[in-house]
Amino acid sequence: MIENQTAIVTGASRGLGRHVALRLAQERVRVAVAARTFDEVTRVAEEIRAAGGEALPLVIDVASWSSVEQGVATVRQQFGKIDILVNNAGVGWYKPFTEHTIEELDRTIDVNLKGTLYMTKAVLPDMQAAHYGQIVNVASDLGRRVIPGMAAYVASKFGVLGFAGSILREVKGSGVKVTTLTPGIIDTFFGGAVEGTKEETWSLRPEFVAGMIVDMLKLPKHWVVDELAIHAMGQEF
């Protein structure tokens, strides 16, 4: 059971991250709602509190080590421990590689890959000391396949899969689990889209994916899902 545990969810101001935060709160998990915008994380935290849950709005830029370090320290001070980390924050642009700006390339790698490494590094020592902890990385099915027009994004998600597989084997002996989700298209705001506008035949509902993540977190302590791939039947790639 995960009741009374503490979780940090990055990219939690909207989309899949918001649904994960809400679903964890339903399980009576204390949730640090993390993203870059104070107003948005506060709104989600208030949504959780209104439903009887416990939440901490947390402003973090996962691409900044100092921001990550300070944010994790705040959660530790507020809740005393960190049991669950959901690395959900992500960015990406769909266009030819030569049309990307240097700033877009940097941001893609900084958020998707370095952000995952930074957040994991910040929480892992405490988890290893406690001989318990669960880290869920939200990658992409594009971490296992290639597609034109998203070269930088694909590269970042390949990196997440490599890191997650390696770190799992490094830390599972201490009782820490690392799971990576590789979903297909999700009906969220990613890439400038509007949540709720994609047809269910070719996109996943974020609340359903959030439920799958929470179900994985509730597995027996001696089980671990290394990687879980899911996509809608109508997705073309």
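For the structure, check the block above.
Report on the accompanying structure. Predicted model, so just to flag it, every value in this text is computed and none were measured. The numbers attached to residues start from 1 for each chain and follow its sequence in the written order. Where local features are concerned, this predicted model is filtered to residues with pLDDT of at least 70; where side-chain atom pairs are given and counted, the filter is 80 or more; whole-chain, interface and lining totals use all residues. To get the side-chain values, take all heavy atoms of the structure and skip hydrogens and water.

Attention now goes to the packing of helix α4 (residues 102-130) against helix α5 (residues 151-171). Packing of α4 against α5 leaves a shortest axis separation of 8 Å and a crossing angle of 15°. Relative to α5, the element α4 lies roughly parallel. Where α4 crosses over α5, the handedness of that crossing is right-handed. Contact with α4, carried on its side by L105, T108, I109, N112, L113, T116, L117, T120, L124 and Q128, involves A152, Y153, S156, K157, G159, V160, F163, I167 and V171 of α5 and no other residues of that element. Any residue that is not Ala, Val, Leu, Ile, Met, Phe, Trp, Tyr, Cys, Pro, Asp, Glu, Lys or Arg is counted as polar, Gly included; the first ten are nonpolar and the last four charged. Split by residue class, the contact of α4 with α5 holds 11 nonpolar, 7 polar and 1 charged. Only the stretch in contact is used when a helix axis is fitted, and all axes are lines through C-alpha atoms; the angle between N-to-C directions ranges over 0 to 180 degrees. Put simply, DSSP marks the helices as runs of H or I at least four residues long and the strands as runs of E at least two long, and each gets a number from the N terminus on. For classification, angles of less than 35 degrees are called roughly parallel, those exceeding 145 degrees roughly antiparallel, those between 65 and 115 degrees roughly perpendicular, and all remaining angles oblique. Working rule for handedness: look at the near helix, and if it is turned counterclockwise from the far one by less than a right angle, call the crossing left-handed; if clockwise, right-handed. Throughout, a residue-residue contact means that at least one pair of heavy atoms, one from each residue, lies within 4.5 Å.

This part is about the environment of L113. Looking at where L113 falls in the secondary structure, it is placed in helix α4. Between the C-alpha atom of L113 and that of A7, which follows or precedes it by 106 residues, the distance is 20 Å. Once residues lying within four places of it in the same chain are set aside, the contact partners of L113 are T108, S156, G159 and V160.

This paragraph deals with unusual backbone geometry. Of note in the backbone geometry, R28 takes a positive phi value of approximately 65° without being a glycine. Secondary-structure assignment places R28 in the loop between α1 (15-26) and β2 (30-35). For every residue, the accessible area obtained with a 1.4 Å probe (protein chains only) is divided by the maximum for its type, and the residue is called buried under 20%, exposed over 50%, and partly exposed between those limits. Judged by its relative accessible area of 57%, R28 falls in the exposed class. A positive phi angle, close to 55°, is found at H131, a residue other than glycine.

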